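# Examination of the molecular architecture
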Amino acid sequence: MITVTDLRKVYRQGNREVVALDGVSLSVPKGSIHGIVGHSGAGKSTLVRCLTLLDSPTSGSVSINGAELSASRDADLRTARRRIGMIFQHANLMDSRTAADNVAHPLEIVKTPRAAIRSKVAELLKLVGLEGFENAYPSQLSGGQRQRVGIARALASDPDVLLCDEPTSALDPKTTDEILTLIQDLTQRLQLTVLVITHEMQVIKRICDSVSLLEAGRIVEHGPLRTVAADLGGRLSSTLLPLPPAETNGSGTVLEILYSGDSASEPVLTGAARTFGLDLNVLAGSVESLAGTQFGHLRIQLPAGADTASLARHLTGQGVAVRVVQEETS
Ligand SMILES: Nc1ncnc2c1ncn2[C@@H]1O[C@H](COP(=O)(O)OP(=O)(O)O)[C@@H](O)[C@H]1O
Ligand SMILES: [Mg+2]
């Protein structure tokens with residue numbers, strides 16, 4: 001488990017101060033994957049550097065399984081760092097070394113005996129599905145295979161936490177899917193605590209159990225994926241469950257409705273239409289499964305003069321989230 005408490009990082013540029021992290025707190029349980037999304041400049045890279053102690057936070061703390069990393073004295077810092085494995089957008093392998101020797105590198109640094117390195121490397125390459133590729137050089141491997149070597153190398157020091165910085169941003173969709181499956185599988189098998197920094201919502205949707213939205217150094221939305229997706233007014237919801245753009249039709253009120261799990265939309269919607277004697281016009285809709293829950297998201301337009309408030313109350317009463325996106329125009 002990793003716990004980040006009130007992390008602040010202020011950079012000085014001449015006599016100007018740049019607040020890159022402005023009180024970031026988060027907690028990720030063992031065996032789960034937490035996604036961090038945010039636009040460029042939000043503070044993602046700074047967070048990564050502070051978590052790996054490559055950069056020292058201005059204040060706040062980072063602890064792994066209750067032990068505070070930032071409290072480690074210099075001598076312990078290297079050991080502390082080994083509790084966090086990192087994978088990057090580009091695997092950052094050494095071109096002159098074979099796959100096996102790349103994975104061996106972190107073990108050589110801490111002077112692991114050669115025989116132990118050999119068996120550990122074989123075990124790691126097998127774990128990431130690269131058995132038989134021990135002697136291949138990075139140039140002989142595909143992008144996905146290189147990323148697998150990077151993952152094996154990150155796991156060499158038996159870390160508790162795996163920090164993934166844009167792990168699939170340089171990969172094609174099929175390879176992305178394979179690498180995400182691998183990360184998910186390793187999280188379970190090794191009971192890792194995983195943080196994934198990404199700008200790709202697909203990655204969040206596909207493997208994350210929970211998510212935080214980072215904006216100008218602050219976490220402005222966070223929670224289990226399911227909860228965040230169900231929050232129709234939130235910003236993550238509309239990117240997790242996007243609706244295609246649609247023309248409105250006439251002057252009636254436009255609503256967005258979101259239902260999940262057992263509140264099946266069609267009966268609810270047709271029931272509401274009947275109850276209120278309304279002819280509802282569905283402008284756009286999508287049905288998606290997210291974090292094991294089925295979500296339906298619809299944009300509907302009511303006829304002019306409809307009793308929007310009563311309809312919204314009725315739907316809300318049935319467990320459907322409702323948001324007015326356009327008031328009736330006259
Ligand atoms: N070494 C630095 N010195 C000064 N300002 C920095 C430094 N690193 C990052 N920043 C600033 O901190 C903010 C967050 O940057 P960064 O963490 O790189 O965001 P992201 O990775 O989300 O794009 C930006 O305003 C950036 O200009
Ligand atoms: Mg960055």
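Notes on the structure in this doc start here. (Residues numbered from 1 in each chain as written. Chains lettered and ligands numbered in written order. Predicted model: local features only at pLDDT ≥ 70, side-chain atom pairs only at ≥ 80, totals over all residues. Heavy atoms only, no water.)

### Remarks on the pairing of strand β7 (residues 161–165)
Of all five residues in β7, five are buried, a share of seventy percent or more. Residues of β7 alternate between two faces, with Val 161, Leu 163 and Asp 165 on one and Leu 162 and Cys 164 on the opposite face, all of them buried. (Buried < 20%, exposed > 50% of the residue type's maximum accessible area, 1.4 Å probe, protein only. Helix = DSSP H or I, 4+ residues; strand = E, 2+ residues; numbered from the N terminus.)

### Things to note about the sheet that holds strand β10 (residues 218–224)
An order of β6-β7-β8-β3-β9-β10 is seen for the six strands of this open sheet, with the pairing classed as mixed. The sheet terminates laterally at β6 (84–87) and β10, the two strands that pair on one side only. Within the sheet, the average angular offset between the axes of one strand and its neighbour, ignoring direction, is 15°. Where strand β3 (residues 33–37) and strand β8 (residues 193–198) come together, five bridges link them in parallel fashion. The partner of His 34 across the bridge, within β8, is Leu 195. Against the sheet, helix α1 (residues 44–51) engages β3, β6, β7, β8 and β9 (210–215), with an angle of about 150° to β8. Set on the sheet, helix α5 (residues 143–154) makes contact with β6 and β7; between it and β6 the angle comes to about 170°. (Pairing = 2+ DSSP bridges. Axes fitted to C-alpha atoms, helices over the stretch in contact; angles between N-to-C directions. Contact = heavy atoms within 4.5 Å.)

### Concerning the site of ligand 1
Contacts to ligand 1 come from 13 residues, most closely from Gly 41, Gly 43, Lys 44, Ser 45 and Thr 46. A distance of 2.8 Å is found between an oxygen atom of ligand 1 and a side-chain nitrogen or oxygen belonging to Ser 45. Here Arg 49 contributes a side-chain N or O atom positioned 3.5 Å from a nitrogen atom of ligand 1. Out of a free accessible area of 560 Å², ligand 1 has 65% covered by protein chains. Listed by contribution, the elements that provide at least two residues to the shell around ligand 1 are β1 (2–13), β2 (16–28) and α1. Considering each element in turn, the shell around ligand 1 owes the most residues, four residues, to α1. Here the residues of the shell around ligand 1 sort into four nonpolar, seven polar and two charged. (Near = heavy atom within 4 Å. Polar contact = N/O pair within 3.5 Å; in protein donor to acceptor, adjacent residues only side chain to side chain. Areas by Shrake-Rupley, 256 points an atom, 1.4 Å probe, with all protein chains shown as cover. Nonpolar A, V, L, I, M, F, W, Y, C, P; charged D, E, K, R; others polar.)

### So, the environment of Leu 315
Mapped onto the secondary structure, Leu 315 falls in helix α11 (residues 308–317). What makes Leu 315 buried here is its relative accessible area of 0%. Considered as a pair, Leu 315 and Val 37 are 278 residues apart in the sequence and their alpha carbons are 31 Å apart. Residues within four places of Leu 315 in sequence aside, it is in contact with Ile 257, Val 268, Leu 269, Ala 272, Val 320 and Val 322.

### Concerning the layout of surface pockets
Of the pockets and cavities examined, the largest pocket occupies roughly 580 Å³. Considering the residues around the largest pocket, the lining is formed by 17 residues, among which Arg 81, Arg 82, Ile 84, Met 86 and Pro 106 are closest to the centre. Among the secondary structure elements, those contributing two or more residues to the lining of the largest pocket are α2 (74–81), β6, α3 (99–109) and α5. When its residues are assigned to classes, the lining of the largest pocket shows nine nonpolar, four polar and four charged. There is about 280 Å³ of room inside the second largest pocket. Forming the boundary of the second largest pocket are Val 37, Gly 38, His 39, Thr 198, His 199, Met 201, Leu 213, Leu 214, Glu 215, Arg 235, Leu 236 and Thr 239. Breaking the lining of the second largest pocket down by element, the ones donating at least two residues are β9 and α9 (235–240). Taken together, the residues of the lining of the second largest pocket sort by class into five nonpolar, five polar and two charged. (1 Å grid on protein atoms, 1.4 Å probe; cavity = no way out; pocket = protein on both sides within 12 Å on 5 of 7 lines; lining within 4 Å. Points joined across faces, edges and corners; volume = space filled by probe spheres on them.)

### Observations concerning the packing of α3 against helix α4 (residues 114–127)
Direction vectors running N to C along α3 and α4 enclose 125°, while the axes themselves pass 9 Å from each other. Between α3 and α4, the angle is such that the two are oblique. Taken as a pair, α3 and α4 cross one another with a handedness that is right-handed. Here Ala 100, Val 103, Ala 104, Leu 107 and Glu 108 of α3 lie close against α4, whose contacting residues are Ile 117, Lys 120, Val 121, Leu 124 and Leu 125. Of the residues in the contact of α3 with α4, the class split is eight nonpolar, no polar and two charged. (Parallel < 35°, antiparallel > 145°, perpendicular 65-115°, else oblique. Left-handed = near helix turned anticlockwise from the far one by under 90°.)

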